[in-house]
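# Structural overview for review
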Amino acid sequence: MLKKDMARSFLQMAWSGAVFEAYEKYIHPDFIHHNAYFKGERETLLRGMDESARQFPDKQCEILRALEDGDLVAVHSKVALDPEQVYAVIHIFRFEDEKIIEEWESAQEVPKDSPNENGIF
């Protein structure tokens, strides 16, 4: 399986509420991340993702693009927590031993009145 397919599967599982199963299957035991809102180790982000899945059980997530380069994968997604809260999200994953060992993410809320006729997707 390609790393970009593993990254896609991880995100789809986590977004659907199967966070613990996604971590078990795809996340390295020594995983670290760079999300500014949580401590940088595995357990804190796992708990945060699980809480988000429970808080927004009806969120809609669509993976638009996935790029793979060696041990790095970038995934560009559209995430709608509800009809009024839609975000463009980019995850960057680093793999080691066929598991995600490091993650970065960036999110931008879709502006209501953007002057850009191309949109953010």
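In this text the structure is predicted, and so the values were computed from the model without any measurement.

## Considering the overall build of the chain
When helices and strands are counted, the chain shows three helices and five strands. Ordered by position in the sequence, the α and β elements of the chain form the string α-α-β-α-β-β-β-β. Rg of the C-alpha trace for the chain: 14 Å, near the compact-globule value of 14 Å for 121 residues, within the 12% margin. Seen along its three principal axes, the alpha-carbon backbone of the chain occupies a region of about 45 × 30 × 25 Å. Per-residue burial over the chain gives 38% buried out of 121 residues. Sequence-distant contacts, at least 24 apart, represent 42% of the contacts inside the chain between residues at least 6 apart.

## A closer look at unusual backbone geometry
One non-glycine residue with positive phi stands out, namely Asp-97, at about 55°. Checked against the element boundaries, Asp-97 lands in the loop between strand 4 (85-96) and strand 5 (99-109).

## What about helix 1 (residues 3-15)?
An ideal rise of 1.5 Å per residue puts 18 Å on 13 residues; helix 1 measures up with 18 Å between its terminal C-alpha atoms. Taken residue by residue, helix 1 has Lys-3, Met-6, Ala-7, Ser-9, Phe-10, Leu-11, Ala-14 and Trp-15 as its buried positions. With its phi angle positive at about 105°, Gly-17 sits one or two positions after the end of helix 1.

The rules behind these values
- Numbering of residues starts from 1 in every chain and runs along the sequence as written.
- Local features are withheld for residues below a pLDDT of 70 in this predicted model, meaning they are given only at 70 or higher, and side-chain atom pairs are given and counted only at 80 or more; totals for whole chains, interfaces and linings count all residues.
- Values shown for side chains rest on all heavy atoms present in the structure; no hydrogens or waters enter the calculation.
- Numbering of helices and strands starts at the N terminus; helices are DSSP runs of H or I of at least 4 residues and strands are runs of E of at least 2.
- In this description the radius of gyration comes from C-alpha coordinates, and the expected globular size is given by 2.2 Å times residues to the power 0.38.
- The rule is simple: take the accessible area with a 1.4 Å probe, protein chains only, and divide by the maximum for that residue type; under 20% is buried, over 50% is exposed, in between is partly exposed.
- In this description, contact between two residues means that some pair of their heavy atoms is separated by no more than 4.5 Å.
- The length a helix should cover is 1.5 Å for every residue beyond the first.

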